[in-house]
Amino acid sequence: MATIRRFEDLLCWQKSRLLDNKVFQLTRKQPLVNDFSLIDQWRRASGSVMDNIAEGFERDGNKEFINFLSISKGSLGEVRSQAYRALDRCNISQAEFDDVHGLCLEISSLLQRFMAYLKASDYKGTKYKVGEPPADYFISDLESNL
């Protein structure tokens, strides 16, 4: 049984890290490298996705975590919109767009399902209860079953 003890264990965070790296690599290539405002905004939005998952996890409360996951989901929408701008300006290829867009949709689905799981859980977070969380809180391959 896999146990989620750190935000690095979350599939949604791992995929968000991959997305951030893809955006970074795309923004280092010509001709996009010259669109400074798009580069800055796109990089910050993609970093926000993974950073908000991490911050929410570390808050130790489900309600706060759900809020931060929602912020991450919003940042994903921003990353997708910026991908359209890069495509429309002929700064990235259709294949590069499809790769980023598809990954954004995958992460968005993971986040939505994870938020639904947390909302349905009776466990409120470590800061609200002394001791270990109930055994069903750490489920095997949580996100792979979502």
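Computed from a predicted structure; not experimentally measured.

**Q** Teacher, can you tell me more about the pattern of salt bridges here?
**A** A side chain of one charge can pair with a side chain of the opposite charge if their charged atoms are brought near each other. With the rule as written, the count across this model stands at 8 salt bridges. The shortest N-O distance in the salt bridge between D9 and R6 comes to 3.8 Å. The exposure class assigned to D9 is partly exposed, which follows from its relative accessible area of 29%. For R6, a relative accessible area of 45% translates into the label partly exposed. We note a salt bridge from R59 to E55, for which the minimum N-O separation is 2.6 Å.

**Q** I would appreciate a short explanation of helix 1 (residues 11-26) in the present structure.
**A** Helical geometry note: an α-helix holds 3.6 residues per turn, so side chains three or four residues apart project in the same direction. Here helix 1 is 16 residues long and its end C-alpha atoms lie 23 Å apart, about the 22 Å a rise of 1.5 Å per residue gives. Buried within helix 1 are the following residues: C12, W13, S16, L19, V23 and L26. For helix 1, the angular spread of the buried residues around the axis is 140°, confining them to a single face.

**Q** Explain the packing of helix 1 against helix 2 (residues 36-58) to me, please; I cannot follow it from the model alone.
**A** When two helices pack together, their arrangement is captured by the angle between the axes and the distance separating the axes. As a packed pair, helix 1 and helix 2 sit with axes 9 Å apart at the nearest point and diverge in direction by 165°. Judged by the angle between their axes, helix 1 and helix 2 are roughly antiparallel. Note on packing geometry: the crossing formed by helix 1 with helix 2 is left-handed. Side by side, helix 1 and helix 2 meet where C12, W13, S16, R17, D20, V23, F24 and L26 of the first sit next to W42, R43, S46, G47, V49, M50, I53 and A54 of the second. Taken together, the residues of the contact of helix 1 with helix 2 sort by class into 10 nonpolar, 3 polar and 3 charged.

**Q** Help me understand the packing of aromatic side chains, please; the structure alone is not making it clear to me.
**A** Pairs of aromatic rings are described using the distance from one ring centre to the other and the angle between the two planes. Within the structure shown, the criterion is met by 4 aromatic pairs. Considering the side-chain rings of F57 and F65, the 5.8 Å spacing of their centres and the 85° angle between planes classify their relative orientation as edge-to-face. Measuring from centroid to centroid gives 5.4 Å for F65 and F114, while their planes differ by 90°, and the two rings are edge-to-face. With F65 in helix 3 (residues 62-88) and F114 in helix 4 (residues 94-120), this residue pair connects regions lying 49 residues apart in the sequence. On the basis of relative accessible area, F65 is assigned to the buried category, the value being 3%.

**Q** Explain the nonpolar core to me, please; I cannot follow it from the model alone.
**A** Within soluble globular proteins, side chains that are nonpolar tend to cluster in buried spots. By size, the foremost hydrophobic cluster in this structure holds 38 residues, and its most contacted members are L10, L19, W42 and V79. Elements that contribute at least two residues to this core include exactly helix 1, helix 2, helix 3 and helix 4. Ignoring sequence-local partners within four residues, the contact set of L19 consists of L76, V79, V100, L103, C104 and I107.

**Q** Whenever I open this one, the side chain of S72 confuses me. Can you help?
**A** Looking at where S72 falls in the secondary structure, it is placed in helix 3. Not counting residues up to four positions away in its chain, the partners in contact with S72 are S48, V49, N52, I53 and L111.

**Q** Would you explain the environment of R6 in this entry?
**A** Its place among the elements puts R6 in the segment before helix 1. Taking C-alpha positions, R6 is 8.6 Å from A54, a pair spaced 48 residues apart along the chain.

**Q** Even after reading the chapter, I still don't get the packing of helix 1 against helix 4, so can you show me in this structure?
**A** Remark: helix 1 packs on helix 4, axes separated minimally by 10 Å, with the N-to-C direction vectors making an angle of 155°. What the angle tells us is that helix 1 and helix 4 run roughly antiparallel. For the element pair helix 1 and helix 4, the recorded crossing hand is left-handed. Counting all contacts with helix 1, which are made through L11, C12, K15, S16, L18, L19, K22 and L26, the residues of helix 4 involved are E96, D99, V100, L103, C104, E106, I107, L110, L111 and F114.

About the cut-offs
Residues numbered from 1 in each chain as written. Predicted model: local features only at pLDDT ≥ 70, side-chain atom pairs only at ≥ 80, totals over all residues. Heavy atoms only, no water. Salt bridge = Lys/Arg side-chain N within 4 Å of Asp/Glu carboxyl O. Buried < 20%, exposed > 50% of the residue type's maximum accessible area, 1.4 Å probe, protein only. Helix = DSSP H or I, 4+ residues; strand = E, 2+ residues; numbered from the N terminus. Expected span 1.5 Å × (residues − 1). Arc of directions from axis to C-beta. Axes fitted to C-alpha atoms, helices over the stretch in contact; angles between N-to-C directions. Parallel < 35°, antiparallel > 145°, perpendicular 65-115°, else oblique. Left-handed = near helix turned anticlockwise from the far one by under 90°. Contact = heavy atoms within 4.5 Å. Nonpolar A, V, L, I, M, F, W, Y, C, P; charged D, E, K, R; others polar. Phe/Tyr/Trp six-rings, centres within 6.5 Å; stacked < 30°, edge-to-face > 60°. Core = buried A, V, L, I, M, F, W, Y, C linked by side-chain atoms within 4.5 Å.

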